[in-house]
Amino acid sequence: MSASKNEKENNPEMNVNGIKNICSKYKKYIATGAMLVLLCVVVATLGKKDGTAKPDEGKSAVTNVDENTSTDGAEVDAHEEVNALFGEYYTHYAAGDIESLEKIAFPITDTEKSYIQMFSKYVDKYENIKCYTTKGISDGEYVAVVTTEMKLKDIDTAAPELATFYVRKNENGVYIDNAYSSFNQSNEENSRDTEVNELITEFGQDADIIKLQRDFQEGYDKALEKDEELKVMITSTVQSAIKEWVAAVGPSEEEGGKDTGKDSQGGQDNQTEVKTRTAYAKTKVNLRKKRSTSSEILQTLSPGTEVTIYGTSRDGWFKVKCNGKTGFVSKEYIVSDKSKVEKEEPKKETNVKTRTAYAKTTVNLRKKRSTSSDILMTMKPGTKVTIYGTSKNGWFKVKCNGKTGFVSKEYIVSDKSKVEKEDSSSGTKKRVAYAKTGVNMRKKRSTDSDVVQLLDAGTKVMIYGTSKNGWFKVRSKGKFGYVKKEFIVSSKAKVDEIEPEQQPSTSTGRTYYNEGDTITLTDSVNVRVSMSETSDRVGLAYKGDVLTVVMSYAEGWTKVTWNGQTGFVKTEYLK
């Protein structure tokens, strides 16, 4: 590994520009991909830390390719109604026209509305809109990656932008489900369907989309290099506007915790002037430092605990004081009438009815009734569990292999015959095979399809599933494609004899690795969350560490497991 490459890879200052830094700093309050351009996130939902499907939703966290998964690339401007939808969307967005936006994109939270109106002050228009789509969960639905050129006011050079959406259809036609906007992916103000999240993630791994991201990053860098005024606008003017916006809508650093005398809006409002009233914890609930279930817990309130409420609720949270501590409690867990306090669940399980059931699919046993809670273990389809009592909030309390936790109700069945076979995401059957002769790997199951690459006789391939229409779906040298069944053999001994001049030349360099290969590092290397040198780091693997290959990609990245973690490393750094 060259010193210059290694230094660049391990020095974030050389890879992350100013606008990306501001996005990272305020990512809880700004849409790091939607309309902030500039490829700060380049399809945030496609490789987001939490965007990967969780086993709770009946899918394994490891994404494999199955026989029916299309790798044939994205459709480009293939649907007139979708093209028209985004033309209208970007027109309203540039104008900051919330009323018109809400007719074609919903739900839009108050926080996002505020952001759109702030950001639209700097936008003149969006040009050259192009839609890359793949089929959604239902007919008439699509995952869409949309590219545009954003023209900022009084700036000559347009800035490339790329964002992801999910398009649905109702009686009025197609519309944007804004729960999957980059803004909501960051703030999580609206709930999202797991199956849709998984489809979005899968589309993001398509070779066409990965290339598109790379091309737009290069275009963005060139635009800033070409136009100094554009660079100043993005790295200075827009940054300052975002900071001011965050200061106006976001909580102050002192919010929550100690009673500072500042109200929930961040002003110097003396609490003696704020209306207060007495209320009670409806159930066992946490008093948090900020208005978020991921915020620090100041204390846990038992059912019936008396609290003092300050003012009215904001974003579904009350600011309260209890036992000398001031923090925030979700509105739904506070009641003004003590008679409405719910009795605390009995701690003992002695009189609770139990019954035997089974995991319907691969699913996680969680510490609490939440998909964001800690995972105690992952259960395979058919795993036997003991259910305690009835479901609560859509979750069963269960015991399995000596561990007690919670499982989403929809993934538990009482009849073992209803257990689903493990699907492709938890392990499509794969096997090693070889090219019988020199043969083309094609993009689709057709001899008229584009050639992905030429496989020499004896080339090792990985077959996914069974043949379909006389073709095998295979992966070789980091690329996916299709090869006619008759040109694939299970044993290398069955490969047609290769003439000496046809033998592939040997090389000390490696451009791909096979699944299961282990690599002992000769130098330190970053392990990243996604296939991008600007993505977050999983960690730094040191010289002498052993990495195990999960999959190599033609884009020059290799997915590896390391110290119990999974991430991506540039293949060239694994030499």
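S.K.: How do you make sense of the pattern of salt bridges when you look at a structure like this?
M.R.: Oppositely charged side chains are able to pair whenever their charged atoms sit close together. Per the counting criterion, the structure on display carries 10 salt bridges. A salt bridge links Lys113 to Asp110; the nearest nitrogen and oxygen atoms lie 3.8 Å apart. Of this pair, Lys113 and Asp110 both sit in helix H6 (residues 110-119), separated by 3 residues, roughly a single helical turn. In this structure, the salt-bridge partner of Arg168 is Glu141, at a minimum N-O distance of 3.3 Å. Residue Arg168 is found in strand S5 (residues 159-170), and its partner Glu141 is found in the loop between strand S3 (123-135) and strand S4 (142-152); the two are separated by 27 residues along the sequence.

S.K.: I tried to follow helix H9 (residues 207-226) on my own but got confused; where do I start?
M.R.: Along an α-helix, a turn takes 3.6 residues, which lines up residues three or four apart on a common side. Taking 1.5 Å as the rise per residue, H9 with 20 residues should run 28 Å; its terminal C-alpha atoms sit 29 Å apart, in good agreement. Inspection of H9 places Ile209, Ile210, Leu212, Gln213, Phe216, Gln217, Tyr220, Ala223 and Leu224 among the buried residues, and these make up the whole buried set. Down the axis of H9, the sector holding all buried residues measures 155 degrees, keeping them to one side. Among the exposed residues of H9, those pointing more than 90 degrees away from its buried face are Lys222, Glu225 and Lys226.

S.K.: Got a minute to help me understand the sheet that holds S4 in this structure?
M.R.: In a beta sheet, neighbouring strands pair by backbone hydrogen bonds and run either parallel or antiparallel. Strands sit in the order S1-S3-S4-S5-S6-S2 across an open sheet of 6 strands; the sheet is mixed. Among the strands making up the open sheet, the edge pair consists of strand S1 (75-76) and strand S2 (105-106). Lying on the sheet, helix H4 (residues 80-95) is in contact with S2, S3, S4, S5 and strand S6 (173-177); it crosses S3 at an angle near 150 degrees.

S.K.: What should I look at first to understand a negative patch on the surface in this one?
M.R.: A contiguous patch of negative charge on the surface is contributed by Asp124, Asp154, Asp156, Glu228 and Glu229. Relative to the helices and strands, Asp156 resides in the loop between S4 and S5. Here Asp156 falls in the exposed class, since its relative accessible area comes to 68%.

S.K.: What is the right way to read the environment of Ala359 from this model?
M.R.: Along the chain, Ala359 turns up in strand S14 (residues 354-359). Remark: the alpha-carbon pair of Ala359 and Ile412, spanning 53 residues in sequence, is separated by 4.9 Å. When sequence neighbours within four positions are dropped, the list of residues in contact with Ala359 reads Met379, Lys380, Pro381, Gly382, Thr383, Tyr411, Ile412 and Val419.

The rules behind each value
- Residues numbered from 1 in each chain as written.
- Predicted model: local features only at pLDDT ≥ 70, side-chain atom pairs only at ≥ 80, totals over all residues.
- Heavy atoms only, no water.
- Salt bridge = Lys/Arg side-chain N within 4 Å of Asp/Glu carboxyl O.
- Helix = DSSP H or I, 4+ residues; strand = E, 2+ residues; numbered from the N terminus.
- Expected span 1.5 Å × (residues − 1).
- Buried < 20%, exposed > 50% of the residue type's maximum accessible area, 1.4 Å probe, protein only.
- Arc of directions from axis to C-beta.
- Pairing = 2+ DSSP bridges.
- Contact = heavy atoms within 4.5 Å.
- Axes fitted to C-alpha atoms, helices over the stretch in contact; angles between N-to-C directions.
- Patch = residues over 30% accessible without salt bridge, like charges linked within 9 Å, V, L, I, M, F, W, Y side chains within 5 Å.
- Areas by Shrake-Rupley, 256 points an atom, 1.4 Å probe, with all protein chains shown as cover.
- Lys, Arg positive; Asp, Glu negative; His and termini not counted.
- Charge placed at Lys NZ, Arg CZ, Asp CG, Glu CD.

Shape is all these values report; function is a separate question.
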